[in-house]
Structure formats: structure tokens, C-alpha cells
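Okay, here's what each chain looks like letter by letter:
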Amino acid sequence: MTEQVKQTEQKPKKRGTLRTKVAAWFLFVSVIPIIAMSYIVVLLVNLANERLVEELETQLVRQKSREVEKFFEETAGVLEVRVPLEIGDVTIVPENQRRLLMEETLRESKAIRSVSLYDVNGQELDRLDREVGFANDRDLIDGSQLEKIIAAQEGRSYFSPVRQTLEGAYISIAQPLKNSTDTTVGVLSGDIALTTLRRDISYGTLGSKGYILFFSDDGNIIAHSRSALDESAIRIGSIPYLAQFAQANAGAASSERVASFTQYASAWGERVVGYAEPLRNLPFVIAAEWPVDDAFRLSREIQTQALVFSLVVLVAVLLISFLVARRVTQPIRILREEAKRIGQGKFDDTIDIKTNDEIQELDEELHDMAEALKQLQQLREEFVFIAAHELRSPVTAIKGYISMILEEFTDTLPGDTRHMLEQVQRANQHLVQLVQDLLEVARSDAGRMKLEVSPQDLAAMAKTVISDLKPLWEEKKLVMTYQEYPGLPSALADADKLREVLVNLVSNATKYNRDAGTITVWHEVVDKTVVTHVADSGIGMAPEEVEKLFQKFYRAENTDTRKVQGTGLGLFIVKQIIEKMGGQIRVSSERGKGSTFSFALPIAPLEAKSN
Amino acid sequence: MPVPSVEGVSRPHVVDDSSIGLDRIRLVVVYFVPADVIPWEGWRERIVPALQEMEAFHRLQFRGSSELVHEIYTETIVGERDSAFYDGSDTARGNPHAWEAVREELNRRLGALRQDDGAFDARLVLFEGVGAVGGVDQILVSSGYLQSPVEMPRASAVFYHELGHVFGLKDAYTYEHGAPLDEDIMGLGRNRPIGQTYLSEKAKKELGIR
Ligand SMILES: [Zn+2]
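The written sequence of each chain sets the order in which its residues are numbered from 1. To read the labels, note that chains go from A and ligands from 1, taken in the order they are written. Only residues with pLDDT of at least 70 get local features here, since the model is predicted, and only at 80 or more are side-chain atom pairs given and counted; chain-wide, interface and lining totals rely on the full set of residues. The basis for every side-chain value is the complete set of non-hydrogen atoms in the structure, without hydrogens or water.

Draft legend 1. Fine view of the overall build of chain A. Along chain A, the regular secondary structure elements total 16 helices and 20 strands. Using a 1.4 Å probe on the protein chains alone, a residue whose accessible area is under 20% of its type maximum counts as buried, one over 50% counts as exposed, and one in between counts as partly exposed. Classification of the 611 residues of chain A by burial places 43% in the buried group. It only takes one pair of heavy atoms within 4.5 Å for two residues to be counted as in contact. Within chain A, contacts between residues separated by at least 24 positions form 63% of all contacts whose residues are at least 6 apart in sequence. Computed with a 1.4 Å probe, the accessible areas rest on the Shrake-Rupley method; for each residue, only the protein chains presented here act as cover. For chain A, the accessible surface area stands at approximately 33,500 Å², while carbon and sulfur atoms represent 55% of it. Counting from the N terminus, the helices are the DSSP runs of H or I reaching at least four residues and the strands are the DSSP runs of E reaching at least two.

Here it is in C-alpha cells:
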């Protein structure tokens, strides 16, 4: 019994660890790949997003570059194309051709605001303004000191820095005019309004926040598409990193000009991912800047979704792992329960496990084992029954003959012989009792105990037993008290067995009592049961003895009990009988003070009583 | 290639002296008439649009880093002397004598310009006579720029050109032949409507405009 208690104490701990182990392994093998996969997905998405951003920025910058190049082809190119081959080798453009040339130039491109023609010495020969028309001769200037004229005279194309005016930004371009022998015969200069170009640039956007910056090699912004910026309010042209990039590229041959794709803080303090590319044959740079929060919104959203998904999966896996763990451990739990029942001698209560695996095999082995144990027990019970049964006749015969001898030859027997026969009679009496008890036990073990319950008058039964045993308790000079319980209901019991129980308890109370002690018998009605108490003032028992009291062949071993005859089967049989009749028995005892045995039996139903 | 440092706080300043800032410029406008000349009553309404044009031009060229404001001394100031005194002998070069004489008289009569609240103070003298000259803290321009239909389109450009001298900028044309060295407002551009001219990159650098 104590071993069983130990087992039940260990159970929850064992069950917990197995289930946790299985769950932990399940989690481990399923969660690690999920986390790894999420990480890879996030990484790939980031990479893809970055490439997408770079591609979009590159595309936009290239597109704008083409627009800018086209613009300058159509404007500066116009000035260049006008090399008048028909001039031949003359060193000055004929007056009649000048104005035609200039008018045609303005017609070619609407962006050209005005055009001027200078001779080789830098003297302005004529000027045509789109709004004013041809200039008066007295307004023509000596351009010999101007940078653009000097550059063009030396045969170079000249692009001025962007000139910011209240009427708009423009640049001035000067191209040498060459004759057919490649001799510079003059300079053609034009002012080109950047209004249309700025408008084109301002249409370039990326996502909802990305924008385009168009700036010259000196770092001055010519145009941009950054929304909500008042142009007069911002200090356009003063963005350090643009100036640096432009500086790095300024003067470099077109093939050496490098593009750049990087992240940095913009002039407006935002973290941006920027792409800048210098134009091929023009002193300009086009850059795209895209605030990181906008550019990487997609990947951030996917990251968030991946995170949410991972969490959901994690929770699901957690639940599933515990379910699986339970499923795995459930048959093992059943096996343990079965093993426990077999340990208790209950061989028939088997549950079939249908897992179709080793656990089922184990269960089947367990069932076989239970069957074998059951047969073994039956065999043992059979043997005890047969042995007891076979012993009964001889010991009964011995009993009869000894009684006869002692009664009929009581006067003729020598004193010694008589004394010895009396010893034999007592020993035989004990043997008879033992055989009877063994038979009873064997019957009860094998389920052969026959019971017929009917309403019994406990009070009458108790009084009869007390009076029947009077010689016993009188011999020890015990004070017997029977307390009446008026209107005591009938209890459901088998009459013979009930009598056996009462005899057993009262004779125990007598046997284990001290001389001149007391025995008290009384009844109680508790919860639809009739409880009968048999109290003695005897030797009593220690708590550990009480625990084993109802076990087979148990006898409290101490000096007080040794002199009392007993088989050790009486209380076991009593308990079997009471429980078979649907009742309960318990004992309360104190060493040296006495014991009280109480058994409860169900109250008989009224109709049963009337029968 | 070394990258020139463009970092750090730099504020616009007068040429060659970064200690005199140009973040805020206050232009005190006075109308000055020599004693023997009949004052022109229409100056007040003509000067305001010109000043506004100058201010817009200034804001754009300084990229918003400086503010030009004006205060108009509404009373006509009648000079103590006649035109002959102020004009001197070489009115062809912008009338520097008148600039000197008027400055001396105004400083005496109105007190020298305040220079103590962080603003850069300058005086615009609309002079009833000939002249267009600027330097130190004063520009003197003929009221004729606001009266002649021929001169009016370029009046504010001329005024700002002279203000440029106050900032320390040099003329961008040769004095011998008048050949422009630059097309900006200090050169050829002074003869253009102010809306079509600009401040050269060289001038911006000199003024510390980033
Ligand atoms: Zn000048």
C-alpha cells in the first residue's frame, strides 16, 4: 500500500516530462525551419526591394537624362548645326545670311530665347530676341571680354552655369561658327530657357515620396521634382553631397563619369536611397532620391506579414505539439494504468490500445501477462479451496472422536492422558477454525461466496449474538453494554453472513480485551446506512497496525496478542462480506485504550421491508 | 581631385570681410532735392514697385539666405545747396561728387545710419538730378530712372547694381570701352530688366552665398 502511494506521487512528474519532451522536440523540429525560412524570406525580399529601388531609380534617371539630352540636342544642337557651309572661306558671315540664320535658329527651338552673332573679334554683329526682335545697332556690345565668346573663339562649345532669374532659369550657350576650311569665322550664342526642362523634371516621381534632382556640375540645382517646395524659399544649389558628387565628376571625360547608388541623409534631413548619374556630354547630373521609409515600404510590409505569419504558425505549432504529445503519451498512460491494476490483482479490467505499433504489442503482452497471472491465481485459489475442503473432513472427524472420548471415558482416563487429549482438542479446534476460514477466503477469492441480501433487524441480531457469546465474555468478567436504538431501520444484508460478522467482531472484542474490561455495542443511522459500532477497552493498536488489519493472514504482533488464538483471516473475511453486501467497515483504535470497529450497511427500502 | 569643403555654416557677407554679415539688409530710402529744383511728387508710388523687384531679385540670388527690406523716409528732403554744388564736374561717371556731398549732408541732418541691431543698413538716395553711384553704405540714383519710359524697365536693375557696390562687388565691364566682362547684373545685366538678369557664380562666391 505504501508502495502504491509512492507511485502516485511520482506519476505527475513523470507524465509531465515525457509530454514536455515530445512537445519540445516537435517544436524544435518545426519552429527552427519556420524561423529560418522567415529569415530567408525577409532577406530575399529586402534584396529584391533594394534591386527594385535601384532599378526604378536608374530607369527614372536614365529617362530624365534622355529628356535632358534631347532638350539640349534640340537647343544647343540647333546652334551647332548652324555651321554655314555656304560661307565658304570667307571670314565673316554675310549680312544677308545673318538674319536668316538667326531667325531660323529661333524657329527651330522654342526654348531659345535669344540668339547673337559675333565676329571673330568678339564684336556683336546682330542680336535677335524672341520678344523684342532684332536689336538696335547701338545696343550691340563688345563681347570680346566675355568668357563664352573667348571659349567659342578658341573652338570650344560653351555652357554657362545656370542663371537664376526672376523670369526663370536659363543657360547661355556659345558655339564657334566655322567655315568649310574649319576656320572659326564667328560665334553663335543663344540663351536657352530651362522652363520646359524644369517642367519635365518636375514630373519625375518615385513611389509617393521619391523625387528627381537636376543639377549642374557646380552643384547648383536647376530643377527638381520634390513636391511642396517653394523654390524661392529653399536654398537651391547648396546641397553639399550633390556638389561633391558633381565636383568629382566635373571636368572628367564623359566615359569616366561614374554613377553612384547609395544611402545618405538628404538636404532635407531624410534618410534617402539615392542614385546619381552624370550626363554624357553635358555638364549636368541627374539624381534620384527616394526616402527609405517610402522606398522600402513594400519589404517592410512583407517583413511585418512574415512576422505575423510566423507568430501564427508558432502558436499553431505550439498547440499541435501539445496535442501530438498528448496523443503519443496517452497509450503509455493507459498501459501504466493497466499495469497498476494488474499489480492490484485486477486482471480483467483491460483496455485494448489500437495504435497498430509497438505500444499495441506491449499492451497485448501486458494482457497475456495478466491472463497468465489470473490463471496462476485461480490455480492457487483452487488449491487452497481443495486443500481446505479435503482437510475439513479429517479434522471434523478428529474433533468428534476426541469429544466422544472425553465425554464417554471421562472417568476411566488417567489424569495425564485426559490432559493431553484436552490439549489435542484445543489444537484441533484451532485447526477446524483455520480450515473454515480458509474455505471462506477461498470462496470469496474465487467469487464463490453466496450472498442473499434481505432486510435484517440488526438490533435483534446483535442481541442474539451477544447472548450466544455470553460464556466467553463472562469468563473474562467483561461488562457488556448494548445500547438500544429506538426505531432502528432494517438493513440490507445476508442473515448468516451478518451473524458471522457480528460474532467475529464481538468475539474479537472479547479476545483482545483486558480482564474486567468493557464492550459496548450501539447503532447509528448515517446517510441512509445503519452503522453498528463494537467498542472494546482492550489492548488497541498502533496506526500502522490498523492499516494492515484487514489484510489476509495479518495479525498484530506484540506481547498482548501472542497469547490470543487467531487465524489472521477473520477480519479479512469480515471486510469481504461487508463490502460484498454493499457496506463499509473501518476501525478507530488507540494503543492501550481499545478499538472501535464500525460497519455500515445500507438501509433496506420500505417495500423490501414489508416483504 | 580634392573636394572643396562646402560643409559648415557660412552666412552671406560683404566682399572680403566675412565679419560683416548680409543676412538682413535694411534699405532706408530718401528723396533728395537740391534747393533750386522743383520736387517730383510722384516718387513715392514709383519707388515701391522698384524696391519690391529688388527684394525679389535679392531673395532669389541669395537663395533665401538673406532678406532685403526697406524703410521709406516719406518726407522730401530739400538740400541745403543748389544743383551746381552737388553735381560737381564729372556727372558722366555716375556723379560721385553728388554721392559724397549728399551723404555728408544727410549724415549731418538725419544722423549716421544705425548699425547696431544686426541688420546691415544702407541708404538709397533718390536724387533729383543725374547719377547712379553706390558704395560704402549709400547708393545715389537719379529719379530720372523712375520717370523716363526708356529708363524705367531697367531702373531696379541699376539700383541693385549700385547696391552690389555697397556689398563690395566690382563693376563687370571695362571703363575704357564699356565692354562687359560678365553678363550678370554687375556687367551687361545692369542694362536689362531685373527679371532677366542674375548674380554671377563668381559674385555669389565673393558674397559667401552657398
Ligand atoms: Zn557700377
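Draft legend 2. Here's a closer look at the overall build of chain B. Helix and strand content of chain B: five helices and seven strands. Starting at the N terminus and ending at the C terminus, chain B contains elements arranged as β-β-β-α-β-α-α-β-β-β-α-α. The 210 residues of chain B split such that 53% are buried. Within chain B, residue pairs in contact and separated by at least 24 positions form 63% of the contacts whose partners lie at least 6 positions apart. Of the roughly 9,500 Å² of accessible surface on chain B, 52% is carried by carbon and sulfur atoms.

Draft legend 3. Looking closely at the nonpolar core. Residue and element names in this part refer to chain A. Buried Ala, Val, Leu, Ile, Met, Phe, Trp, Tyr and Cys residues form a nonpolar core when they are joined through side-chain atoms within 4.5 Å. Judged by nonpolar contacts, the single largest core of 51 residues is most densely connected at Leu-498, Ile-578, Phe-597, Phe-599 and Leu-601. Those residues in contact with Ile-578, other than ones at most four positions away along the chain, are Val-501, Gly-583, Gln-584, Ile-585, Phe-599, Ala-600 and Leu-601. Leu-60, Leu-79, Ala-169 and Ile-222 belong to the second largest nonpolar core, which has 44 residues in total.

Draft legend 4. Representation of the packing of aromatic side chains within the structure. Centres within 6.5 Å make a pair out of two Phe, Tyr or Trp rings, where for Trp the six-membered ring is used; the pair is then stacked when the planes are under 30 degrees apart, edge-to-face when over 60, and tilted otherwise. Using the criterion set out here, one finds 17 aromatic pairs over all chains in the structure. Between the aromatic rings of A:Phe72 and A:Phe284, the centroid separation amounts to 5.0 Å while the plane-to-plane angle is 20 degrees, which identifies the pairing as stacked. With A:Phe72 in helix α1 (residues 2-81) and A:Phe284 in strand β13 (residues 284-291), this residue pair connects regions lying 212 residues apart in the sequence. The interplanar angle of 75 degrees and the centroid separation of 6.1 Å between the aromatic rings of B:Phe62 and B:Phe167 together place this pair among those described as edge-to-face. Taken together, the positions of B:Phe62 in the loop between α1 (43-61) and β4 (67-78) and B:Phe167 in helix α4 (residues 155-167) put the pair 105 residues apart, joining distant regions of the chain. B:Phe167 carries the same exposure label as B:Phe62, and that label is buried. Here a set of aromatic residues connected by ring pairs shows up, and it is made of A:Phe71, A:Phe72, A:Phe159, A:Phe214 and A:Phe284. Sitting over the ring of A:Phe134, A:Arg99 keeps its end group 3.9 Å from the ring centre. Placement of a charge over a ring requires the Lys NZ or Arg CZ to be within 6 Å of the ring centre, with the centre-to-atom vector within 35 degrees of the ring normal. A cation over a ring is seen here: B:Arg81 above B:Phe85, with NZ or CZ 4.1 Å from the ring centre.

Draft legend 5. Molecular detail of the coordination of the zinc ion. All names here are of chain B. Only N, O and S atoms count as donors, using a 2.8 Å limit from the metal and a wider 3.2 Å limit for Na, K and Ca, and since water is excluded some coordination spheres may look unfilled. Binding of the zinc ion to the protein goes through His-161 (NE2), His-165 (NE2) and Asp-171 (OD), at separations of 2.0 to 2.1 Å. All donors of the zinc ion belong to a single chain; written as a sequence motif, their spacing is H-x3-H-x5-D. Within this pair, His-161 and its partner His-165 are both found in helix α4, separated by four residues, close to a single helical turn. An identical accessibility class is assigned to His-161 and His-165; each is buried.

Draft legend 6. Just a negative patch on the surface, in detail. There is a patch of like negative charges on the surface, built from A:Asp352, A:Glu358, A:Glu361, A:Glu364, A:Glu365, A:Asp368 and A:Glu371. With respect to the helices and strands, the residue A:Glu361 is situated in helix α8 (residues 358-408). Exposure above 30% relative accessible area and no salt bridge define the residues that can form patches, which grow by joining like charges within 9 Å and nonpolar side chains of Val, Leu, Ile, Met, Phe, Trp and Tyr within 5 Å. Whenever Lys or Arg places a side-chain nitrogen within 4 Å of a carboxyl oxygen from Asp or Glu, that contact is recorded as a salt bridge. Lys and Arg are tallied as positive, Asp and Glu as negative. Neither His nor the chain termini are counted. We put the charge of a Lys on NZ, of an Arg on CZ, of an Asp on CG and of a Glu on CD.

Draft legend 7. Quick peek at the sheet that holds strand β7 (residues 138-142) of chain B. All names here are of chain B. Strand pairing is assigned whenever DSSP identifies at least 2 bridges connecting the two strands. The mixed open sheet is built from five strands, whose spatial order is β4-β3-β5-β7-β6. Two strands in the sheet have a free side with no partner beyond their single neighbour: β4 and β6 (132-135). Recorded for the sheet is a direction-independent mean angle of 15 degrees between the axes of neighbouring strands. Both strand β3 (residues 24-33) and β4 contribute to a ladder of nine bridges, which runs parallel. What sits directly across from Leu-27, in β4, is His-70. Axis definition: a line fitted to C-alpha atoms, limited for helices to the stretch in contact. Angles are taken between N-to-C directions and run from 0 to 180 degrees. Helix-sheet contacts for α4 involve β3, β4, β5 (120-127), β6 and β7, and the interaxial angle to β6 is about 25 degrees.

Draft legend 8. Structural view of the sheet that holds strand β15 (residues 479-482) of chain A. Residues and elements named next belong to chain A. What the five strands build is an open sheet, ordered β15-β17-β18-β20-β19; its pairing is mixed. Either end of the sheet is taken by a strand with one partner, and the two such strands are β15 and β19 (584-590). The mean inter-strand angle of the sheet, taken between neighbouring strand axes irrespective of direction, is 15 degrees. With eight bridges joining them, strand β17 (residues 518-526) and strand β18 (residues 529-536) adopt antiparallel strand pairing. Its bridge partner being in β18, Val-521 is matched across the sheet by Val-534. Where helix α10 (residues 458-468) meets the sheet, its contacts fall on β15, β17, β18 and β20 (594-602), and the angle it forms with β15 comes to roughly 165 degrees.

Draft legend 9. The arrangement of the environment of B:Glu71 in detail. Residue and element names in this part refer to chain B. Relative to the assigned elements, Glu-71 resides in strand β4. The spacing of Glu-71 and Val-29 is 42 residues in sequence and 6.0 Å in space, taken between C-alpha atoms. Apart from residues no more than four positions distant in its own chain, Glu-71 is found in contact with Arg-26, Leu-27, Val-28, Val-29 and Arg-114.

Draft legend 10. Expanded view of unusual backbone geometry. The phi dihedral of A:Asp527 falls on the positive side, at around 50 degrees, and the residue is not glycine. With respect to the helices and strands, the residue A:Asp527 is situated in the loop between β17 and β18.

Draft legend 11. Representation of helix α15 (residues 570-580) of chain A. All names here are of chain A. Burial within α15 is extensive, with eight of its 11 residues counted as buried. Turning to α15, its buried residues are Gly-570, Leu-571, Phe-572, Ile-573, Val-574, Gln-576, Ile-577 and Ile-578. A positive backbone phi angle near 80 degrees is found at Gly-582, which sits one or two residues after α15.

Draft legend 12. Summary view of the environment of A:Ile359. Topologically, A:Ile359 is positioned in helix α8. The contacts of A:Ile359, once residues within four sequence positions are left out, are A:Val328, A:Pro331, A:Ile332, A:Leu335 and A:Ile353.

Draft legend 13. Just the pattern of salt bridges, in detail. Inspection of every chain in the model, using the stated rule, returns 30 salt bridges over all chains. Between A:Arg297 and A:Asp294 there is a salt bridge, with its nearest N and O atoms 3.3 Å apart. For A:Arg297, a relative accessible area of 36% puts it in the partly exposed group. A:Asp294 gets classed as buried once you look at its relative accessible area, which sits at 6%. Taken together, the shared-partner salt bridges in this structure form one network comprising A:Lys148, A:Arg163 and B:Glu183.

Draft legend 14. Up close: the confidence of the model for chain A. All names here are of chain A. Think of pLDDT as the predictor's per-residue confidence, scored from 0 to 100. The pLDDT averaged across chain A works out to 80; a share of 86% of its residues lies at or above 70. Note on residues 1-15: pLDDT is under 50 here. Beyond four places in sequence and across chains, it has eight contacts. Segment residues 230-236 is flagged for pLDDT under 50; beyond a separation of four residues in sequence, or across chains, it makes 15 contacts in the model.

Draft legend 15. Inspection of the side chain of A:Arg163 at higher detail. Its place among the elements puts A:Arg163 in strand β5 (residues 163-165). Once you skip the residues sitting within four places of it in the chain, A:Arg163 turns out to touch A:Gly168, A:Ala169, A:Tyr170, A:Ser172, B:Glu183 and B:Tyr198.

Draft legend 16. Geometry of the pairing of β5(B). All names here are of chain B. Within β5, eight of the eight residues are buried, which leaves it mostly tucked inside the rest of the structure. Neither face of β5 is exposed, since Phe-120, Ala-122, Leu-124 and Leu-126 on one face and Asp-121, Arg-123, Val-125 and Phe-127 on the opposite face are all buried. Inspection of the sheet shows β3 paired to β5 by eight bridges, in the parallel sense. The partner of Phe-32 across the bridge, within β5, is Phe-127. As paired elements, β5 and β7 share five bridges and run parallel to each other. Looking at the pairing, Phe-127 lines up with Ser-142 of β7.

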